[in-house]
Amino acid sequence: MFFTVLTIFPEMFDPFWQHGIVRRAIEHKIIRASAVNIRDFAEDRHRVTDDRPYGGGSGMVMKPEPLAAAIRETSQTLPGAKNVLLTPQGRIFNQQMARELASYDGLILVCGRYEGVDERICHDLIDYEISIGGYVLTGGELAAMVLMDAVTRLIPGALGGEDAAEKDSFSDGLLEHAHYTRPRLFEDRAVPEVLLSGHHQDIENWRLESSVMRTLLKRPDLLQDKNLTRQERRVLKKWHQAIEEILDSHPGQTKGS
Ligand code: 4GX
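Residues numbered from 1 in each chain as written. Predicted model: local features only at pLDDT ≥ 70, side-chain atom pairs only at ≥ 80, totals over all residues. Heavy atoms only, no water.

Undergrad: Explain the overall build of the protein chain to me, please; I cannot follow it from the model alone.
TA: The secondary structure content of the protein chain amounts to nine helices and nine strands. Computed over its C-alpha atoms, the radius of gyration of the protein chain comes to 24 Å, more than 25% above the 18 Å expected for a compact globule of 257 residues. Dimensions of the protein chain, computed from the C-alpha atoms along their principal axes, are close to 80 × 50 × 35 Å. When the 257 residues of the protein chain are sorted by exposure, 38% land in the buried category. A sequence separation of at least 24 residues applies to 74% of the contacts in the protein chain between residues at least 6 apart. Here the protein chain displays about 16600 Å² of accessible surface, and carbon together with sulfur accounts for 51% of that area. (Helix = DSSP H or I, 4+ residues; strand = E, 2+ residues; numbered from the N terminus. Rg over C-alpha atoms; globule rule 2.2 N^0.38 Å. Buried < 20%, exposed > 50% of the residue type's maximum accessible area, 1.4 Å probe, protein only. Contact = heavy atoms within 4.5 Å. Areas by Shrake-Rupley, 256 points an atom, 1.4 Å probe, with all protein chains shown as cover.)

Undergrad: Any chance you could explain the side chain of S210 here in plain terms?
TA: Its location among the elements puts S210 in helix 7 (residues 200–218). The residues touching S210, leaving out its near neighbours within four places in the chain, are H177 and A178.

Undergrad: Sorry if this is basic, but what is going on with unusual backbone geometry here?
TA: Leave glycine aside and you will find that most residues have negative phi; peptide bonds, for their part, are mostly trans. Following R182, the chain continues to P183 via a peptide bond in cis, the omega torsion being 0 degrees. By the secondary structure assignment, P183 is in the loop between helix 6 (141–152) and strand 8 (185–186). Positive phi, normally seen in glycine, also occurs at Y114, with a value near 55 degrees. Within the fold, Y114 resides in the loop between strand 6 (106–111) and helix 5 (119–125). A positive phi angle, near 75 degrees, is found at D188, a position not held by glycine. Assessed through its relative accessible area of 75%, D188 is described here as exposed.

Undergrad: Whenever I open this one, the environment of D51 confuses me. Can you help?
TA: Among the secondary structure elements, D51 is positioned in strand 3 (residues 50–51). Look at D51 and you get partly exposed, because its relative accessible area is 38%. Sequence-wise, D51 and F9 are 42 residues apart; in three dimensions their C-alpha atoms are separated by 17 Å. Among residues more than four places away in sequence, those in contact with D51 are M60, V61 and K63.

Undergrad: Could you clarify how one ought to interpret the site of the ligand in this entry?
TA: Around the ligand sit 19 residues in total, of which G116, I132, G133, Y135 and L137 are the nearest. Between the ligand and G133, the relevant distance is 3.2 Å, taken from a nitrogen atom to a main-chain nitrogen or oxygen of the residue. In this structure, L137 approaches the ligand through a main-chain N or O atom, which is 2.9 Å from an oxygen atom. Protein burial of the ligand: of its 460 Å² of free accessible surface, 96% is covered by the chains. Counting residues per element, the ones that place at least two in the shell around the ligand are strand 5 (81–92) and strand 7 (128–131). With three residues, strand 5 is the single largest residue contributor to the shell around the ligand. Each residue belonging to the shell around the ligand can be placed in one class, and the counts come to ten nonpolar, seven polar and two charged. (Near = heavy atom within 4 Å. Polar contact = N/O pair within 3.5 Å; in protein donor to acceptor, adjacent residues only side chain to side chain. Nonpolar A, V, L, I, M, F, W, Y, C, P; charged D, E, K, R; others polar.)

Written as structure tokens, this is what we have:
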């Protein structure tokens, strides 16, 4: 997988590419990454990339010519890449989209600034318009980093050793189970005994129960959308029954108490 980012602030990506899993993936040639300065494609003496909007109003718009030249030249050298524009008008990014994008040879990520890019760019040169969420950033660069981060960890080998990506949160539609590490006792709170037991099947069962119940409490919408497995239904039924027993043990108290 290669990422090429088109931006007027290429230096913003250096710290992102120099740390953690992303850095390792670059060093192991699992991904390639580069940032191209859109300003380098501006033809005028002052290398201007923005202009005033037709129709008036405050704010500036990214000029189409430098952006189009940057996208076209980059696409030419990277056949098989998809062009992605980061924009609040895009589809909201999620894990399924990350998986789809991870299947391509390359992604060209177009980062707008100001009020946005000339509409004719979106139309003719962009394959995907993607938003990372319902809030307004000052530019597409942070959104591009979020997208690259989520895609990188899905590329085989990026996470090293065992490919943990598929065991993760969301890969089976549930949140991750709770995690614990040493010490056994931290500020009066103990690690669940089963995790110290060495009984692998018991641990697996506990983790599934932890996943299901955390999802129920924190993200019930995920359970609503999901085709539940037999084991997942069993966990929900167990707690459903426990709750019913509590309710049944307090007969006669119906309203206001
Ligand atoms: N998820 N922004 C982009 C400028 C812009 C506007 C329109 C292209 C078209 C954002 C988000 C986001 C702010 C980045 C506006 N560029 N990007 N920028 N949320 O808010 O992706």
